[in-house]
Amino acid sequence: MRITIDGRVLETSGAPTILDAARRLGISIPTLCEHRRLVPYAACRICLVEIAGRKLPAPACATPVEEGMEVITNSPKIQALRREVLDLILSEHPSACLICLEKENCEEAKSMIRKTGEPTGCILCPADGRCDLQKVVTEVGLKGLSHPMTYRGSGVRRDDPFIDRDDGLCILCGRCVRVCHEIRGADAIAFVARGSRVTVGTSMGKRLLDVGCLFCGACVDVCPTGALTERAVRYASKFEEQRSFICGLCGQGCRLGLRLRGGRPVDVRPEDGSPNDGQACVKGRFVIGDLLGHPKRFVRPMVRRAGVLVETSWEDALAAAGRGLAEHKGKTAVVCSARDSCEDLWALGRLSRDVLHASSVRLAEDSAAYLLGCPDGAEIYAPPMTVDELSQARIFFIFEESLHLTAPIFGVAVNQALLKGAKLVLVGDGEYCLDRYAAVRVKAGPAEAGGFLTSLLRVLINKNNSHDRGRPAGFESLRQVLRTLPPDSPTASVKLDRIVGFLEKRRPAAFIFGPRFVAGPWGHRNAALLWNLAGHTGGLYVPVGWEANARGAVEIMAEINRGAFPRSAELNKPRALILAGPDAAFKRAGEEFVVALDAFHGDAAAQADVVLPRTVFAEQEGMFVNAEGRLQFSSAAVTPAGEARLIRSIAADLARALGAGVPALETRDAAFKDLIGAVPSLAEAIRIVRGNRPALIAGKGFAAKGFVDIPDLDMTFDPAAAFPLRDPDDYLNFPTALEIKSLRTARRR
Amino acid sequence: MDETVLIRRTIVVTAGTCGRASGALEIRDALRAEIDRLGAGDRVGLLVTGCHGFCEMEPSVVVQPEGIFYGKLKPADAAAIVKQTALAGKVVEKLACKIPTTGRVVARLEQIPFFKKQMRVLLENNLRVDPEKIEDYIRIGGYRALTKGLFDMTSEGVIEEVRRAGLRGRGGAGFPTAVKWGLCRKAAGHPKYIICNADEGDPGAYMDRSLLEGNPHAVIEGMILGAYAMGANEGFIYVRGEYPLAVENVGRAIEQARSCGLLGPAILGSEFHFDLQLIQGAGAFVSGEETALMASIEGRKAFPRQRPPYPAESGLWGKPTNINNVETWANVPLILDRGSAWYASIGTEKSKGTKIFSLVGRVKNTGLVEVPMGVTLREIIEDIGGGVPEGRTLKAVQTGGPSGGCLPAASVDLALDYETLAKAGSIMGSGGMIVLDDRTCMVDLARYYLHFLEEESCGKCAPCRVGTRLMSELLGRMTAGTADEADLARLESLAQTVKTASLCGLGQTAANPILSTLTHFRSEYEAHIREKRCPAGVCRELASSPDQPARPIGRKALKNKERGRS
């Protein structure tokens with residue numbers, strides 16, 4: 001297609017909008033309601049352009065280009081029209097800061113005594129300096145207002161956590177309403193009322209807490225003005241720099257930007273690009289700032305003296321730890337955390353294996369989602385899968401996961417697909433955020449879901465009996481096993497038929513499950529069933545790890561544990577323990593010496609003999625593998641709190657204290673080389689990432705592996721004997737986890 | 001035996017919403033009681049129908065077959081009507097209409113001036129059909145056009161027939177219906193939807209309500225034919241919630257049609273499937289805008305969206321959709337039944353068929369009038385409407401609702417069709433026609449419309465949301481006598497901005513009441529601003545005492561004027 005914009009010719013393919021085409025040519029058209037990820041809305045009328053042959057000007061953001069179209073974006077007529085429209089918008093918006101005569105010199109010279117209050121804007125506007133409206137006023141060149149000013153607001157609403165809402169600053173561009181619906185699927189806010197009384201609000205004017213808001217902060221991020229702001233930083237100074245890091249609060253590996261002023265965190269904004277593409281969740285968006293400077297942080301090492309933990313120096317603490325550990329060499333257990341970076345885990349592994357000759361190294365969290373199906377830990381099943389692929393799925397099976405809470409970015413992808421007409425089958429015995437979207441709801445917990453999955457698999461396998469070619473290994477034996485089972489009840493058959501109907505019409509399917517579904521005695525069976533189902537339907541097998549590096553931790557643990565440890569029964573009772581993982585349920589039982597590497601005061605650290613303060617994710621660099629399997633590098637965004645040190649350095653220090661320094665741990669580069677030398681899957685991924693391509697660490701996939709045996713098909717479970725399944729946030733062991741949990745309770749109420 | 005006794009007469013009680021409001025149901029009960037009392041049930045029929053359009057005379061009855069019309073009845077008149085007219089065929093003179101100029105009594109419908117000049121091809125069925133009974137509609141030839149279309153014609157044939165008839169959209173813009181249908185038929189995508197827009201929101205217009213209340217099957221038949229022509233299998237009738245009787249009648253009619261095999265799978269045994277759903281609007285003027293209406297059907301807030309893409313390409317749920325007005329759909333069976341040649345013989349060269357106007361305002365006979373396209377305003381106002389009452393003079397005619405404009409008295413000889421009205425600065429609209437006499441203040445009229453639009457703007461796009469409010473405020477200042485010259489300039493520039501920059505039809509036409517009154521009655525605006533005087537004596541703040549016509553006595557205005565002098 002060939003179009004002309006301002007006399008310049010552009011050849012395009014596809015059907016971009018005039019705005020896209022103009023941007024491609026480097027022609028700037030001012031916009032307010034337009035947003036990269038949202039459906040064009042055409043409400044602000046700032047981007048109007050002239051099109052030859054059309055009576056009325058058309059909005060560039062919502063008008064697709066047509067062959068031979070001639071567009072003029074900057075004629076005097078259009079510029080005047082834009083000024084008039086902006087004039088109208090500003091008659092409803094405080095404008096002292098926008099068209100003030102002293103605007104030019106204000107910041108430097110402070111030539112005005114800026115005492116104008118919030119209703120009239122100026123310095124007290126929370127968006128001063130980062131407001132899109134200010135930019136548009138400059139671009140459009142509006143110098144004065146010609147209409148009487150109306151204040152539309154009803155005061156600032158502050159009855160919600162995290163977010164302040166101020167109608168008086170809202171220009172009704174609808175970005176927040178659209179992001180809430182189109183991207184997040186929360187539908188918590190909408191336009192209410194009509195005409196000049198229209199506002200952005202909630203159902204019946206309730207608090208956000210009561211209308212299903214998940215406080216993901218997406219609305220705050222897209223708001224072009226100060227109408228929606230983060231309360232904690234409402235009056236904070238402007239940030240000076242923004243540093244990128246990978247969020248460590250769940251398994252999604254969101255790339256966030258920490259904004260700093262004078263080296264101190266101001267707030268956090270999600271960054272564009274994979275995997276989160278400008279989205280975050282309540283944890284990443286609102287609590288990281290508090291987390292880094294939390295009053296419960298350990299800032300100095302502590303040693304137990306006369307039964308009481310007292311602060312001391314690093315030398316002292318390391319010497320104490322070295323003494324204690326030296327006594328129990330070979331009888332020490334090490335607990336790591338899947339939240340930590342690959343380097344940290346590797347360093348701890350090297351320490352345990354080569355210095356302490358530890359009796360066991362394990363992860364504090366349940367990484368069953370990745371480990372199951374491969375009991376030897378040698379082979380990881382989950383095939384490659386990206387968020388983009390997930391959003392292309394046409395039918396979803398979600399097991400026991402509240403995606404918006406445990407995997408918010410996968411939740412966004414699922415919402416996108418549901419909006420495009422995908423179907424959702426929700427399996428679980430709790431209440432989930434996605435309940436209202438479910439086409440079929442199967443009330444079955446992890447124990448009972450096996451029956452449902454088995455029946456579904458049997459129906460599907462019996463259905464395509466006819467094609468014999470290209471059938472992966474294990475099919476016949478599986479079919480034989482399934483044949484021996486008793487038939488389904490009639491009611492179950494109806495539900496199954498409906499699901500099979502969806503599966504036949506909609507491809508691909510996605511099977512999403514978390515640790516909760518594959519933990520416990522039935523875990524292996526559930527994972528095997530899902531693997532077979534996903535393989536048979538050609539769907540995505542999507543394990544959702546709750547920890548930042550769950551996927552990478554499994555790879556490294558597999559490498560560390562490979563045959564290097566004595567496995568006698570006697571050694572299973574360790575005499576000493578290094579606790580580097582957040583085991584909230586830890587109870588000291590018979591260990592003579594406990595060293596805790598912890599960041600926050602908590603129950604586990606309180607039982608330790610030596611506490612070594614460690615850094616948390618935004619304070620250190622490292623490699624993380626997220627729930628997709630994507631390898632990402634995080635950089636240190638802030639300096640560590642107090643005297644906290646990296647786990648890698650602590651491991652090196654401990655090794656030295658034990659009198660056996662490991663050269664491979666001493667420097668960053670050496671540690672890195674050592675790691676990639678030892679773990680081939682990481683080495684391969686890093687090679688790909690260095691070639692500027694995204695790298696996914698992934699298993700072989702169904703085509704290579706084929707069907708797997710399903711253990712315990714006729715097993716009956718006693719739900720009471722089940723694993724104590726914990727809340728995902730318990731694993732965080734961060735003080736803020738408590739705050740988030742109270743928020744969630746409030747929402748349910 | 002007298003010959004007249006042998007005829008079985010039917011008393012038709014017209015009980016649309018307007019009839020019911022003025023007591024038609026009491027008249028019906030009184031008539032039924034009287035018939036029962038006389039035991040004349042076998043000789044006198046009683047038929048309750050929709051509205052016949054002569055609202056001025058409600059409650060009224062028509063005794064068929066002679067068509068003897070009695071208006072402004074009271075329940076006590078029932079005895080005389082049954083005994084003298086229905087049983088004996090005599091006219092009850094004191095109940096019959098009189099021609100005001102001569103005083104001559106005219107009893108028969110076709111002799112009454114209000115009806116004489118009309119050409120009632122759509123509305124006449126309202127008097128012949130009980131809207132609660134599908135049998136009545138079938139008895140007068142209903143669904144005959146459907147069988148013709150389904151079994152004797154192809155889909156293209158139906159569109160071709162509509163094209164030859166020259167039917168144009170009755171919703172206001174006058175887009176050729178066949179072209180619209182053809183676009184939807186050709187559009188890629190499945191399924192396709194058709195919609196009947198019955199969200200009639202213009203103040204003072206109620207043609208669609210009368211059709212839906214009085215003869216819902218005509219609309220349904222038109223829609224089935226349209227669906228057949230376009231290949232749609234699902235349709236929606238979007239009725240505004242403020243029309244409870246229409247909702248009731250349309251809902252019942254859909255049920256009846258479905259149980260008769262006229263809707264649903266395999267209509268009349270053919271291979272064509274089609275079903276209709278009734279949707280009630282929640283009371284927003286903007287829902288009448290087609291994209292907003294579709295958003296409302298989808299369950300979203302009635303916000304319009306930018307066009308293109310037009311509904312024919314991407315409408316309801318992103319599928320090809322056709323949307324037509326009630327009156328357009330009701331015309332379709334007529335065209336198919338009586339032939340396009342007959343239909344095309346009515347009207348002017350470019351505007352074919354008849355058009356129903358709701359004639360209201362300062363006119364003697366208010367009501368619905370159906371006239372062939374091309375009659376003059378004078379014929380409607382003077383011959384049908386009986387002229388302006390109380391010896392006043394005609395000042396202007398407002399057509400097309402809030403989106404329309406005012407035609408000054410000088411243009412009463414204009415022939416009414418789409419092009420002429422557009423040229424004169426107004427629009428046909430859906431058919432609202434408000435007659436204004438010299439006691440109407442044009443500034444106040446514009447203020448009224450802008451206030452209405454301010455309230456009814458959806459608030460999505462900035463020019464309309466803010467612009468209508470500001471224009472309404474400016475006009476408020478003018479009528480209050482607090483405006484100055486700069487305000488008039490500001491009003492004009494605002495009107496242009498809102499007109500060019502708004503997103504949907506509501507905003508793009510919101511300034512029309514101002515622009516058209518400014519064109520023809522600028523002097524009135526100037527009188528309000530410069531002299532603080534309302535020439536029509538309407539604006540309260542500017543009202544003058546009779547002996548000092550130039551002196552304003554409104555307090556605000558006075559103060560303002562004095563301030564201006566000093």
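Quick caveat, the model's predicted, so the values are computed rather than measured. (Residues numbered from 1 in each chain as written. Chains lettered and ligands numbered in written order. Predicted model: local features only at pLDDT ≥ 70, side-chain atom pairs only at ≥ 80, totals over all residues.)

Q: Report on the overall build of chain A, specifying residues and quantitative values.
A: Of the regular secondary structure elements, chain A holds 26 helices and 27 strands. Here chain A holds 749 residues, and 50% of them are scored as buried. Taking all contacts inside chain A whose residues are at least 6 apart in sequence as the whole, residues at least 24 apart take part in 70%. (Helix = DSSP H or I, 4+ residues; strand = E, 2+ residues; numbered from the N terminus. Buried ≥ 20, exposed ≤ 12 C-beta atoms within 10 Å, placed from the backbone. Contact = placed C-beta atoms within 7 Å.)

Q: Account for the overall build of chain B, naming residues and giving values.
A: A count of helices and strands for chain B gives 23 helices and 15 strands. A compact globule built from 566 residues would reach a C-alpha radius of gyration of about 24 Å, and chain B, at 25 Å, matches this within 12%. Counting only C-alpha atoms and orienting by the principal axes, one finds that chain B spans roughly 85 × 65 × 40 Å. Taken across its 566 residues, chain B has 57% of its residues classed as buried. Here the contacts in chain B between residues at least 6 apart in sequence split such that 70% fall between residues at least 24 apart. (Rg over C-alpha atoms; globule rule 2.2 N^0.38 Å.)

Q: Tell me about the domain arrangement of chain A, and name the residues and values.
A: Residues and elements named next belong to chain A. For chain A, the assigned domains are domain 1 (2-124), domain 2 (156-292), domain 3 (302-373 + 550-621 + 634-671) and domain 4 (391-407 + 417-546 + 703-717). Each side of the interface is counted separately: domain 1 has 13 residues, and domain 2 has 13 residues. Taken together, the residues of the side of domain 1 that touches domain 2 sort by class into 10 nonpolar, 2 polar and 1 charged. (Domains from an automatic or database assignment. Nonpolar A, V, L, I, M, F, W, Y, C, P; charged D, E, K, R; others polar.)

Q: I'd like a rundown of the nonpolar core, residues and numbers included.
A: If you look at the biggest cluster of nonpolar residues, it comprises 401 residues, and the most contacted ones within it are Phe396(A), Phe410(A), Phe511(A), Ile512(A) and Leu579(A). If you tally residues by element for this core, the top one is helix 11 (residues 216-230) of chain B, at 10 residues. Those residues within four positions of Leu579(A) in sequence are excluded, and the remaining contacts are Val335(A), Phe586(A), Val594(A), Val595(A), Ala596(A), Leu597(A), Ala604(A) and Ala608(A). (Core = buried A, V, L, I, M, F, W, Y, C linked by C-beta atoms within 7 Å.)

Q: Account for unusual backbone geometry, with residues named and values stated.
A: The amide bond that connects Ser274(A) to the next residue, Pro275(A), takes the cis arrangement and shows omega of -5 degrees. The topology assignment puts Pro275(A) in the loop between strand 13 (264-270) and helix 7 (282-292). In the segment running from His190(B) into Pro191(B), the intervening peptide bond is cis, with an omega of -5 degrees. Residues other than glycine seldom take positive phi values, yet Asp187(A) does so here, at roughly 50 degrees. For Asp187(A), the position within the fold is in the loop between helix 5 (175-183) and strand 8 (190-192). Its identity is not glycine, yet Phe215(A) carries a phi of approximately 55 degrees, on the positive side.

Q: Outline the interface of chain A and chain B, supporting the account with residue identities and numerical values.
A: Between chain A and chain B, the contact holds 25 residues from the first and 23 residues from the second. For the side of chain A that touches chain B, the elements supplying multiple residues, two or more each, are helix 2 (76-90) and strand 8 of chain A. No other element matches the 5 residues that helix 2 of chain A contributes to the side of chain A that touches chain B. In the side of chain A that touches chain B, the residues fall into 16 nonpolar, 5 polar and 4 charged.

Q: A description of the pairing of strand 2 (residues 8-11) of chain A should follow, citing residues and the corresponding values.
A: Residues and elements named next belong to chain A. Examined bridge by bridge, strand 1 (residues 2-5) and strand 2 share 4 bridges and lie antiparallel to one another. Looking at the pairing, Arg2 lines up with Glu11 of strand 2. Hairpin geometry of strand 1 and strand 2 is characterised by an intervening segment of 2 residues between the two adjacent antiparallel strands and by a positive phi of about 50 degrees at Asp6. (Pairing = 2+ DSSP bridges.)

Q: Any details on the sheet that holds strand 7 (residues 163-166) of chain A? Residues and values, ideally.
A: Residues and elements named next belong to chain A. Read across the open sheet, the 3 strands follow the order 6-7-10; overall the sheet is antiparallel. The open sheet is flanked by strand 6 (156-157) and strand 10 (228-230), the only strands paired with a single partner. For strand 7 and strand 10, the ladder comprises 3 bridges, and the chain directions are antiparallel. Among the inter-strand pairings, Asp164 is bridged to a residue of strand 10, identified as Thr229.

Q: Could you give me a rundown of the packing of helix 20 (residues 485-501) of chain B against helix 22 (residues 512-531) of chain B, with the residues and numbers involved?
A: When two helices pack together, you describe them by how their axes are tilted relative to each other and by the distance separating the axes. Residues and elements named next belong to chain B. In contact at an axis separation of 11 Å, helix 20 and helix 22 are set at 170 degrees when each is read in the N-to-C sense. Between helix 20 and helix 22, the interaxial angle falls into the category roughly antiparallel. Along the contact surface, helix 20 presents Glu485, Leu488, Leu491, Glu492 and Ala495, while helix 22 presents Ile514, Leu515, Leu518, Tyr525 and Ile529. (Axes fitted to C-alpha atoms, helices over the stretch in contact; angles between N-to-C directions. Parallel < 35°, antiparallel > 145°, perpendicular 65-115°, else oblique.)

Q: Go over the sheet that holds strand 16 (residues 332-336) of chain A with me, naming the residues and quoting the values.
A: Residues and elements named next belong to chain A. Taken together, the 7 strands give an open sheet; going across it, the order is 15-14-25-24-23-16-17, and neighbouring strands pair in mixed fashion. Unpaired on one side and paired on the other, strand 15 (308-311) and strand 17 (360-363) mark the two borders of the sheet. The average angle at which neighbouring strand axes cross in this sheet is 20 degrees, direction not considered. Each of strand 16 and strand 17 is contacted by helix 9 (residues 342-356), which is oriented at about 175 degrees to strand 16, the strand it contacts most.

Q: Describe in detail the environment of Ala188(B), supporting the description with residues and values.
A: Secondary-structure assignment places Ala188(B) in the loop between helix 9 (177-186) and strand 7 (193-198). Remark: the alpha-carbon pair of Ala188(B) and Ala312(B), spanning 124 residues in sequence, is separated by 9.5 Å.

Q: Outline the packing of helix 9 of chain B against helix 11 of chain B, listing residues and values.
A: Residues and elements named next belong to chain B. Helix 11 packs onto helix 9 with a crossing angle of 50 degrees between their chain directions and a minimal axis gap of 8 Å. With respect to each other, helix 9 and helix 11 are oriented oblique. The segment helix 9 lies against helix 11, with Trp181, Cys184 and Arg185 engaging Gly226, Ala229 and Met230. Across the contact of helix 9 with helix 11, the residue classes tally to 4 nonpolar, 1 polar and 1 charged.

Q: Account for the confidence of the model for chain A, with residues named and values stated.
A: Residues and elements named next belong to chain A. Of all residues in chain A, 86% have pLDDT values of 70 or greater, and the mean over the chain is 82. Ignoring residues within four places in sequence, the model shows residues 111-121, a span with pLDDT below 50, making 23 contacts including any to other chains. Every residue in residues 564-571 scores below 50 in pLDDT, and together they form 7 contacts with partners more than four places removed in sequence or on other chains. (pLDDT = per-residue confidence, 0-100.)

Q: I'd like a rundown of the environment of Thr479(B), residues and numbers included.
A: Residue and element names in this part refer to chain B. For Thr479, the position within the fold is in helix 19 (residues 462-480). Classification of Thr479 by C-beta neighbours within 10 Å gives buried; the count is 24. Leaving out residues up to four positions away in the same chain, Thr479 has contacts with Val443, Asp444, Arg447, His528, Cys539 and Glu541.

Q: Residues and numbers for helix 10 (residues 207-214) of chain B, please.
A: For helix 10 of chain B, the tally of buried residues reaches 8 of 8 residues, placing the bulk of the element in the interior. Taken together, the buried positions of helix 10 of chain B are occupied by Met207(B), Asp208(B), Arg209(B), Ser210(B), Leu211(B), Leu212(B), Glu213(B) and Gly214(B).

Q: Give a description of the environment of Asp42(B) that names residues and reports values.
A: Residues and elements named next belong to chain B. In this fold, Asp42 is placed in the loop between helix 3 (24-38) and strand 2 (44-49). Exposure remark for Asp42: the 8 C-beta atoms within 10 Å place this residue in the exposed category. In the structure, Asp42 is positioned 413 residues away from Glu455 in sequence and 54 Å away in space, judged by C-alpha atoms.

Q: Describe helix 7 (residues 144-152) of chain B, and please don't skip the residues or the numbers.
A: Residue and element names in this part refer to chain B. Within helix 7, burial applies to Ala145, Leu146 and Gly149. Down the axis of helix 7, the buried side of the element spans an arc of 105 degrees, and every buried residue falls inside it. Summarising the geometry of helix 7, the exposed residues directed more than 90 degrees from the buried face are Phe151 and Asp152. (Arc of directions from axis to C-beta.)

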